[in-house]
Amino acid sequence: MENNTLVQESNKKRTQKAVKIAIAKGDGIGPEIMAATLDILKAAGAKIEPEFIDLGEQVYLSGNTAGINKESWEIIKRNKLILKAPITTPQGKGYKSLNVTLRKSLGLYANVRPVSSFHPFVKTHFPTMDVVIIRENEEDLYAGIEHQQTQDVVQCLKLITRPGCERIVRYAFEYAKAYGRKKVTCMVKDNIMKLTDGLFHQVFKEISLEYPKIKSESQIIDIGSAKLAANPENYDVVVTSNLYGDIISDIAAEIAGSVGLAGSANIGTNVAMFEAIHGSAPDIAGQQIANPSGLINAAVLMLAHIGQLEIADKVKNALLTTIEDGYHTSDIYQPKMSEKKVSTQEFANEVISRLGKTPQNLTKSKLIEGSGSMKTVEYRRKKSKKELVGVDAFIDWTGTDPNEIGDALSKINAYNLKLKMITNRGVKVYPNGLEETYCTDHWRCRFVASNSDIQKTIPSYNPIDHEQIIALLSKLNGKGFDVIKTENLYEFDGKRGFSLGQGE
Ligand code: NAD
């Protein structure tokens, strides 16, 4: 089922009612850059109705470790749109990151960061760079599932889901379509992580077929980020998972020279939040010297998101013209290039005086020419045949000789469930391991049905049942082995749903 809930049908012909926005003034330079931004939005005729919310430092210091109170939550839930200035997280333990809290509790699954250069007004080696990084925001290693399992080994679970991949990849293609972008590049590491990153890549390949007019390509994240850093002009929209996206979005902003100028959007199914990418800059707070461009750019993203494309273009073009005319705050002021050093509020006034103008050198914003609307597609799970074919029992064992634990485990037989191999840090050490492989106290011991023909490809394993696993665990426990966790091994439609050990 398709619906057009994210961004309303093209607004080109429509007059819109004022949209209520939850506004967080933030900490440090936050109130100054927010005042400047709201002045511009008002002068541009943005059809918005601000409702102010309290979050950040003062709320933290009042004893609320989440940094956000009940009233603010109510306003956010009601308005479903947030324009947020940066906040200060107080030093010390016990304060939860407000950004993570908002992102996770509101289901803001897509982080969108457009990064373009303002050459020659802001220094960069890449004068024509204009990239949008779209990062999955909720899954991957950031699910926050970590465990210490033995004295020497900790683990962090990398969770990638099909609905999560479908949602973010479709968002990237819909974004490209809505804003007239030509290409989407997927970045993964599926040569190593064949199941997790492999799923992301597979979904990308499937969904790209639905958008034949948009070019699609995939790159391995290591070489991809190197190429992005060396030739960002070759990229248009990049879509990737959480950790890679976190890293490459900072690389992109840094090489464009626009960490202080970029805005970002966090998009969910029902709620969206817009903010500058920089922090609260307490070192310059209260001096009226902060550059409000990051928050203005965030507001432009917000206007586009709620369908006010014409006003978004108007604000963006006035911002670009102001920068082009040389009215610069001190962070980007260059005596030879700039016309005048201006304060935060003076900068806003210069932008206001240019509303309706378009830049001559910098690339003009023309969001209005895109389709403007984006569709979402409900996830439908396809039914597949799932078969239990074995179990990996992870054992905490402080011995050093793999043959010792291997020989002991080989004697265990739980209704035909027998040891197949042991790996240590993913490398096969039994049977026939190499003496050189370094072993920790964390042993992955794979048990499969003894009558499985492991040489055959599909299906390679014979089915087992849970009773066999329970019997195995009981026997291992009886022999004094400390099983720290188990992972069941499954085949889905006859396809192996687990990785092989290196050397298996
Ligand atoms: P920062 O981005 O606040 O500052 C880094 C440097 O950039 C400083 O020298 C600052 O003066 C300068 N700078 C930043 N924004 C500027 C602007 N708009 N105009 C001119 N100069 C600007 O990073 P930080 O110092 O690491 O962090 C300060 C506080 O901000 C911390 O409490 C941090 O937790 C918080 N923070 C909040 C967010 C957020 O709310 N989204 C993001 C990052 C950091």
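Residues numbered from 1 in each chain as written. Predicted model: local features only at pLDDT ≥ 70, side-chain atom pairs only at ≥ 80, totals over all residues. Heavy atoms only, no water.

Caption draft 1: Up close: the pattern of salt bridges. In the structure shown here, the tally under the stated rule is 23 salt bridges. As a salt-bridge pair, arginine 113 and aspartate 250 come within 2.9 Å of each other at their nearest N and O atoms. Of this pair, arginine 113 sits in strand 5 (residues 110-116) while aspartate 250 sits in helix 8 (residues 242-256); the two residues are 137 residues apart in sequence, bridging distant segments of the chain. Residue arginine 113 is classed as buried on the basis of its relative accessible area, which comes to 10%. With relative accessibility at 43%, the residue aspartate 250 sits in the partly exposed group. A salt bridge links glutamate 206 to arginine 162; its shortest N-O distance comes to 3.0 Å. Pair noted here: glutamate 206 is in helix 6 (residues 196-208) and arginine 162 is in helix 5 (residues 162-178), with a separation of 44 residues, a long-range link. (Salt bridge = Lys/Arg side-chain N within 4 Å of Asp/Glu carboxyl O. Helix = DSSP H or I, 4+ residues; strand = E, 2+ residues; numbered from the N terminus. Buried < 20%, exposed > 50% of the residue type's maximum accessible area, 1.4 Å probe, protein only.)

Caption draft 2: Main features of the sheet that holds strand 22 (residues 495-496). Strand order in the open sheet made by the six strands is 19-18-20-17-21-22, with antiparallel pairing throughout. Whereas interior strands pair on both sides, the edge strands pair on one side only; in this sheet they are strand 19 (427-430) and strand 22. The strands that helix 12 (residues 402-410) touches are strand 17 (386-396), strand 18 (417-424), strand 19 and strand 20 (442-449); relative to strand 18, the one it contacts most, it runs at about 165°. (Pairing = 2+ DSSP bridges. Contact = heavy atoms within 4.5 Å. Axes fitted to C-alpha atoms, helices over the stretch in contact; angles between N-to-C directions.)

Caption draft 3: Examining the site of the ligand more closely. In the neighbourhood of the ligand, 18 residues make up the surrounding shell, with Ile87, Gly279, Ala281, Asp283 and Asn291 lying closest. Contacts to the ligand include serine 280, whose backbone N or O atom sits 3.0 Å from an oxygen atom. In isolation the ligand has 810 Å² of accessible area, and contact with the protein removes 62% of it. Looking at the shell around the ligand residue by residue, the class counts come to seven nonpolar, seven polar and four charged. (Near = heavy atom within 4 Å. Polar contact = N/O pair within 3.5 Å; in protein donor to acceptor, adjacent residues only side chain to side chain. Areas by Shrake-Rupley, 256 points an atom, 1.4 Å probe, with all protein chains shown as cover. Nonpolar A, V, L, I, M, F, W, Y, C, P; charged D, E, K, R; others polar.)

Caption draft 4: View of helix 10 (residues 309-324). With 16 residues, helix 10 should cover 22 Å at 1.5 Å per step; its first-to-last C-alpha distance of 22 Å lies within 8% of that length. By the criterion of burial, helix 10 is predominantly enclosed, with 14 of the 16 residues buried. Of the residues one or two after helix 10, glycine 326 is the one with positive phi, at around 90°. (Expected span 1.5 Å × (residues − 1).)

Caption draft 5: Here's a closer look at the sheet that holds strand 11 (residues 237-240). One open sheet holds the 10 strands; their spatial order is 3-2-4-13-12-5-6-11-9-10, and the pairing between them is mixed. The outermost strands of the open sheet, each flanked by one partner alone, are strand 3 (48-53) and strand 10 (215-220). For this sheet, the mean inter-axis angle between neighbouring strands, taken without regard to orientation, is 20°. In this sheet, strand 6 (residues 130-136) lies alongside strand 5 in antiparallel orientation, the contact comprising seven bridges. If you follow asparagine 111 over to strand 6, its bridge partner there is arginine 135. Taken strand by strand, helix 5 contacts strand 5, strand 6, strand 9 (183-188), strand 10, strand 11 and strand 12 (263-267), and its axis lies near 160° from that of strand 6.

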